[in-house]
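Fold and contact review
Residues per chain, in single letters:
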Amino acid sequence: MAFFAKLKDKLKGVREKWSGGISKLFSAKNFDSDFWDSLEAQLIAGDTGLDFTEEIIDFLKAEAKSKNIKTPGELKNIFVEKITGELNSVPGMGKSFELKKTPLILLMIGVNGSGKTTSAGKLATLYKNQNKKVIMAAADTFRAAAVEQLKIWGERSGVRVIAQGQGSDPAAVAFDAWKAAESSKADVLIVDTAGRLHDKHNLMEELKKIHRVLSREAGADRIETVLVLDAVLGQNSVVQAETFNNIIPVSSIILTKYDNTAKGGVVLSIAKKLKVPVRYIGLGEGADDLNNFDPAEFAAALLELETEK
Ligand SMILES: Nc1nc2c(ncn2[C@@H]2O[C@H](COP(=O)(O)OP(=O)(O)OP(=O)(O)O)[C@@H](O)[C@H]2O)c(=O)[nH]1
Ligand SMILES: [Mg+2]
């Protein structure tokens, strides 16, 4: 199913649809301060972020003036192009991870409950379905039942999970898993890590250690540091991303629980502020509920325009 068709389907029960609100505005008869104020309010309410919202409004006003546009309806395509262009200006946006140098390491990081383990399981399923050889590493040795949770995903997807006991050194688990991935010529090694509050110093140090060990053994260019963010947190997730990025450079983002938010604009905020690609979005708890993020479709759907796909 196409990205937004699936999203709409998932969002059926959500009464307050952000895109529907924006779309309605553009059917206004003319530009008055009400139109601009409402558009601004809708974008901010949808977690687009203050700075970017202001930029969009200023850009649209300038376009309307210079092109002598009289009705909001005529601005629709310009709006869509602006949004799509901003998203696509970030390399890798909406694209799958590149398997140029294998085994590729996907180091899953993020705060508690953001969806790291679930996303690891979904990615394992996805690669398995593409007949890739996948190994997962249970480097969350902190939380009881974390290893078990990953093993269940492993069984479900038919993927081997490298684990040690609870409380063991996560960097040692990552090391073991790398050795296994290397010797078995795996395509992808997915490393699940413990959820951490981004202000907990020692947990961040532990994360750095995992990254250091993997970089030393496998080479930094083989590691995708995948920050898993909960879309429901909106602007807070942007702050989280900035904090994590200061610890180890984040190279990709998976935005989870997109099915649970009526505020889709956080994608724009992330693209604009962090310049890190949102490659996938999570649309549910199931193994197949992971989709590439499609910028053009996303932008068109904001105005309820049909796309060619
Ligand atoms: N609706 C929905 N739920 C999700 C999604 N991704 C994860 N979840 C749910 O969010 C909860 C937390 O997911 P986990 O994968 O355990 O999160 P985590 O980051 O590994 O958590 P910790 O290991 O405790 O840090 C679970 O109940 C998941 O089923 C998603 O895209 N949509
Ligand atoms: Mg977890």
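Here, every reference points to the structure presented above.
Below is a short write-up of the structure. Everything quoted here is computed from the prediction, not taken from an experiment. (Residues numbered from 1 in each chain as written. Chains lettered and ligands numbered in written order. Predicted model: local features only at pLDDT ≥ 70, side-chain atom pairs only at ≥ 80, totals over all residues.)

**Some words on the site of ligand 1**
Residues in close proximity to ligand 1 total 22 residues, the closest being Gly 115, Thr 117, Thr 118, Gly 195 and Gly 282. Looking at the shell around ligand 1, the element that brings in the most residues is helix 6 (residues 116-129), giving three residues. In terms of residue class, the shell around ligand 1 is built from three nonpolar, 12 polar and seven charged. (Near = placed C-beta within 6 Å. Helix = DSSP H or I, 4+ residues; strand = E, 2+ residues; numbered from the N terminus. Nonpolar A, V, L, I, M, F, W, Y, C, P; charged D, E, K, R; others polar.)

**Looking at the packing of helix 6 against helix 7 (residues 146-157)**
At a closest axis distance of 9 Å, the pairing of helix 6 and helix 7 adopts a crossing angle of 20°. One finds that helix 6 runs roughly parallel with respect to helix 7. Here helix 6 and helix 7 pass one another in a crossing that is right-handed. Contacts between helix 6 and helix 7 involve Thr 117, Ala 120, Gly 121, Ala 124, Thr 125 and Lys 128 from the former and Ala 146, Gln 149, Leu 150, Trp 153, Arg 156 and Ser 157 from the latter. Residue composition of the contact of helix 6 with helix 7, by class: five nonpolar, five polar and two charged. (Axes fitted to C-alpha atoms, helices over the stretch in contact; angles between N-to-C directions. Parallel < 35°, antiparallel > 145°, perpendicular 65-115°, else oblique. Left-handed = near helix turned anticlockwise from the far one by under 90°. Contact = placed C-beta atoms within 7 Å.)

**Points about unusual backbone geometry**
Pro 103 follows Thr 102 through a cis peptide bond whose omega is -5°. Among the structural elements, Pro 103 can be located in the loop between helix 5 (76-88) and strand 1 (104-109). Phi is positive for Asn 68, which is not a glycine, with a value near 55°. Residue placement: Asn 68 occurs in the loop between helix 4 (50-66) and helix 5. Although it is not a glycine, Lys 257 adopts a positive phi angle of roughly 60°. Residue placement: Lys 257 occurs in the loop between strand 6 (252-256) and helix 11 (266-274).

**Looking at the pairing of strand 2 (residues 134-139)**
The element strand 2 is extensively covered by neighbouring structure, given that six of its six residues are classed as buried. Summarising the sheet, strand 2 and strand 4 (residues 188-193) pair through six bridges and their orientation is parallel. In the strand pairing of strand 4, Met 136 is matched with Ile 190. (Buried ≥ 20, exposed ≤ 12 C-beta atoms within 10 Å, placed from the backbone. Pairing = 2+ DSSP bridges.)

**Regarding the sheet that holds strand 8 (residues 290-292)**
Taking strand neighbours across the sheet as the criterion, the eight strands line up as 3-2-4-1-5-6-7-8 in an open arrangement whose pairing is mixed. Two strands bound the open sheet, and with one partner strand each, they are strand 3 (160-162) and strand 8. With strand direction ignored, the average angle separating the axes of adjacent strands in the sheet is 25°. Along the sheet face, helix 6 touches strand 1, strand 2, strand 4, strand 5 (223-230), strand 6, strand 7 (278-282) and strand 8 and points at about 170° away from the line of strand 4. Along the sheet, helix 10 (residues 235-247) makes contact with strand 1 and strand 5, crossing strand 5 at roughly 155°.

**Examining helix 4**
Three or four residues apart is the spacing at which side chains of an α-helix point the same way, because the helix has 3.6 residues per turn. For helix 4, built from 17 residues, the straight-helix expectation of 24 Å at 1.5 Å per residue is met to within 8% by its first-to-last C-alpha distance of 24 Å. If you check which residues of helix 4 are buried, you get Thr 53, Ile 56 and Leu 60. Down the axis, helix 4 shows its buried residues gathered within 60° of arc, on one side only. Facing away from the buried side of helix 4, by more than 90 degrees, are the exposed residues Leu 50, Asp 51, Asp 58, Ala 62, Lys 65 and Ser 66. In this fold, the buried residues of helix 4 make contact with helix 3 (33-45) and helix 5. (Expected span 1.5 Å × (residues − 1). Arc of directions from axis to C-beta.)

**As for helix 7**
Between its first and last C-alpha atoms helix 7 spans 17 Å; for 12 residues at 1.5 Å apiece the expected length is 16 Å, and the two agree. Among the residues making up helix 7, those that are buried are Ala 146, Val 147, Leu 150, Trp 153, Gly 154 and Ser 157. Viewed end-on, helix 7 has its buried residues packed into an arc of 125°, placing them on one side of the element. Across helix 7 from its buried face, at more than 90 degrees, point the exposed residues Glu 148 and Glu 155. Where the residues of helix 7 are buried, they touch helix 6, strand 2, strand 3 and strand 4. In the segment just after helix 7, Gly 158 is the residue with positive phi, at about 75°.

**Comments concerning the environment of Phe 59**
Counting through the fold element by element, Phe 59 comes out in helix 4. Overall, Phe 59 belongs to the partly exposed group, with 14 C-beta atoms counted inside 10 Å. Note: C-alpha distance between Phe 59 and Ala 177 (118 residues apart in sequence) is 49 Å.

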